[in-house]
Protein chains: 2
Amino acid sequence: MSFPTSDLTAGLRVPAGAVDLVAIDTDAAPGFDGKRADGEAALAGMAVELADLQERLFAQGRSDGRRSLLLVLQGMDTSGKGGTLRSTVGLMDPQGVRITSFKAPTPEERSHDFLWRITKALPPVGLIGVFDRSHYEDVLIGRVRSLAEPAEIERRYDAINQWEAELAAEGTTVIKCMLHISAEEQKARLLARLDDPSKHWKYNPGDVDERELWPAYQEAYEVAIERTNTEVAPWHVIPADKKWYRNLAIGTLLLDALRDLDLSWPVADFDVEHEKQRLQHEKPL
Amino acid sequence: MSFPTSDLTAGLRVPAGAVDLVAIDTDAAPGFDGKRADGEAALAGMAVELADLQERLFAQGRSDGRRSLLLVLQGMDTSGKGGTLRSTVGLMDPQGVRITSFKAPTPEERSHDFLWRITKALPPVGLIGVFDRSHYEDVLIGRVRSLAEPAEIERRYDAINQWEAELAAEGTTVIKCMLHISAEEQKARLLARLDDPSKHWKYNPGDVDERELWPAYQEAYEVAIERTNTEVAPWHVIPADKKWYRNLAIGTLLLDALRDLDLSWPVADFDVEHEKQRLQHEKPL
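These numbers come from a predicted model, not from an experiment.

Visitor: Is there a simple way to explain the overall build of chain A in this structure?
Guide: Looking only at helices and strands, chain A has 12 helices and 5 strands in total. Against the 2.2 N^0.38 benchmark of 19 Å for 285 residues, chain A shows a C-alpha radius of gyration of 21 Å, consistent with a compact globule. Dimensions of chain A, computed from the C-alpha atoms along their principal axes, are close to 75 × 45 × 40 Å. Burial statistics for chain A: of 285 residues in total, 55% are counted as buried. Charge-centre separation for chain A: the mean point of 34 positive side chains lies 4 Å from the mean point of 47 negative side chains.

Visitor: Got a minute to help me understand the side chain of Glu137 of chain B in this structure?
Guide: All names here are of chain B. If you trace the backbone, Glu137 turns up in the loop between strand E3 (128–132) and helix H6 (141–144). In this structure the side chain of Glu137 is engaged in a polar contact, spanning 3.0 Å, whose partner is the side chain of Arg133. Those residues in contact with Glu137, other than ones at most four positions away along the chain, are Gln74 and Gly142.

Visitor: Can you walk me through the sheet that holds strand E5 (residues 235–239) of chain A in this structure?
Guide: All names here are of chain A. Taken together, the 5 strands give an open sheet; going across it, the order is E2-E3-E1-E4-E5, and neighbouring strands pair in parallel fashion. Of all strands in the sheet, those with a lone pairing partner are strand E2 (97–101) and E5, marking the two edges. Strand-to-strand twist across the sheet, computed as the mean angle between neighbouring axes with direction ignored, equals 20°. Sheet analysis places strand E1 (residues 68–75) next to strand E3 (residues 128–132), joined by 5 bridges and oriented parallel. From the neighbouring strand, Leu71 faces E3, where its bridge partner is Val130. Strands in contact with helix H11 (residues 243–260) are E1, E3, strand E4 (172–180) and E5; relative to E4, the strand with the most contacts, it is inclined by about 165°.

Visitor: I'm lost on the relation of the copies chain A and chain B in this one. Help?
Guide: What relates the pair of chain copies is a rotation about an axis plus a shift along that axis. Once turned by 180° and shifted 0.0 Å along the axis, chain A lies on chain B with an RMSD of 0.0 Å. On the angle and the small slide along the axis, the relation comes out as a two-fold axis. The C-alpha atom lying nearest the rotation axis in chain A is that of Pro94 of chain A; the distance is 3.3 Å. Comparing contact sets, 100% of the residues at the interface of chain A also lie at the interface in chain B, consistent with an isologous, same-surface contact.

Visitor: Is there a simple way to think about the packing of helix H7 (residues 150–169) of chain B against helix H10 (residues 214–227) of chain B in this case?
Guide: In helix packing, the relevant descriptors are the interaxial angle and the interaxial distance, both defined with respect to the helix axes. Residue and element names in this part refer to chain B. The N-to-C vectors of H7 and H10 enclose an angle of 40°; their axes lie 10 Å apart at closest approach. Comparing the axis directions of H7 and H10 gives the class oblique. Handedness of the crossing formed by H7 with H10: right-handed. Touching Glu154, Tyr157, Asp158 and Asn161 of H7 are Val223, Ala224 and Arg227, all from H10. Along the lines of polarity and charge, the residues of the contact of H7 with H10 split into 3 nonpolar, 1 polar and 3 charged.

Conventions used here
- Residues numbered from 1 in each chain as written.
- Chains lettered and ligands numbered in written order.
- Predicted model: local features only at pLDDT ≥ 70, side-chain atom pairs only at ≥ 80, totals over all residues.
- Heavy atoms only, no water.
- Helix = DSSP H or I, 4+ residues; strand = E, 2+ residues; numbered from the N terminus.
- Rg over C-alpha atoms; globule rule 2.2 N^0.38 Å.
- Buried < 20%, exposed > 50% of the residue type's maximum accessible area, 1.4 Å probe, protein only.
- Lys, Arg positive; Asp, Glu negative; His and termini not counted.
- Charge placed at Lys NZ, Arg CZ, Asp CG, Glu CD.
- Polar contact = N/O pair within 3.5 Å; in protein donor to acceptor, adjacent residues only side chain to side chain.
- Contact = heavy atoms within 4.5 Å.
- Pairing = 2+ DSSP bridges.
- Axes fitted to C-alpha atoms, helices over the stretch in contact; angles between N-to-C directions.
- Least-squares fit on C-alpha atoms with pLDDT ≥ 70 in both.
- Parallel < 35°, antiparallel > 145°, perpendicular 65-115°, else oblique.
- Left-handed = near helix turned anticlockwise from the far one by under 90°.
- Nonpolar A, V, L, I, M, F, W, Y, C, P; charged D, E, K, R; others polar.

Have a look at this one:
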């Protein structure tokens, strides 16, 4: 099933100005008319083009290209960051993708500016970097848990905008996504983890402590998105109660971003005919 | 199609003693009776179990596990290291896999012992590390191109054995594979790259210079495999003229190695019933 991908992409992009997450239905499927099976088929139908464009990006990186792509995934616990990596990012060649999962910063990381460890994890030219959590934690949990002074949190929004603008100027397409689930959906997913012994390892009692701060987190997201929703590094809010839609939406954003790069194959910097002759007339090995 | 995977794995393992690569048919499919379609189906049939075991390894790594896995891929140019990563390693969750492609060492890397950069790339506990080229380059091109004194090359075989034995003792399963193609197959693959503009970026005239040293490389492989073919880090020679067999063989080696780890799901270190109660009786958010 094919569909107008650019409509879906445009619909997920957060308009400039104040953000009201409550007004964005977590269970919707904006820009896509079909049901689950259609959505899964549509994502599967993108796999060949996604892989082809990713390989072109990689090939340009090996040549004189300067482009790379950075996908930032944020969201509350159980919102599906890991599932997105498996189901959507996993459609591309793992050689061309660099995934970084950010945990609570180590003492060494804390001794540096908050963007230090993030900068180290940036994708090299030609690669697609994926951040599972990111520098946004420093204005999300950082704000909710008062891990830094209010003035420092304020400074960070501007620092992020400047840092992302530099990234974009150097040739990195930045796609920022909040996977948006409802509190009820999170509760159902946490209970499902508790019901399945093969999922107990994913469960951390501390996650419920964070859950109790749900309204404060939603507000922190709203402020962070509003303050860092720039032309060169725009935010997308992805309704994520439906896993199939979340996967389709991220796949679509990746596909449209890669299409926009207008990726041609690098032209040979050697004499193709000469090389053919060399091989065809080589001495016996 | 199911088949006795342990027979295939055992058949690829190089016996102790001298190695004669010429005696190993690059176009064979040892341990597997079927044709290409059967082999592709057999690999696809492994995907669910591979992904499940990989997730268990990852889950143990997040708990008190100490196991990891390291797949070392070596082979002449065009032998299919990249294709293996895409088609076989790509069957697993990219979050649980860490791929490192080793190029010619940088000046900083050259200023350290040859194992320095390799050690830095080892997979953390719970992950599957994959090396596309490795420390073996230091006894392969290192030997063929005389990049180090003969005494240093000699020292390296022992250093590798000691280093790999330590790795294994720490809980890393080490699987070493040489993707074995014929010189004729390489020629055909290089010519195919030249014939296809979308593959020119993969072609490097220097590869043909290396090709002219084919017998010296084969001998260097034979010596390296013999000298470093240990019980804890055994070598496998994978007939790789047939891409489908190469993929199936690597998938089978991974599957058997993961099965041998006897991976159970970590047991919850919290009170499951208490957590359910907490969630079910929480205050309104």
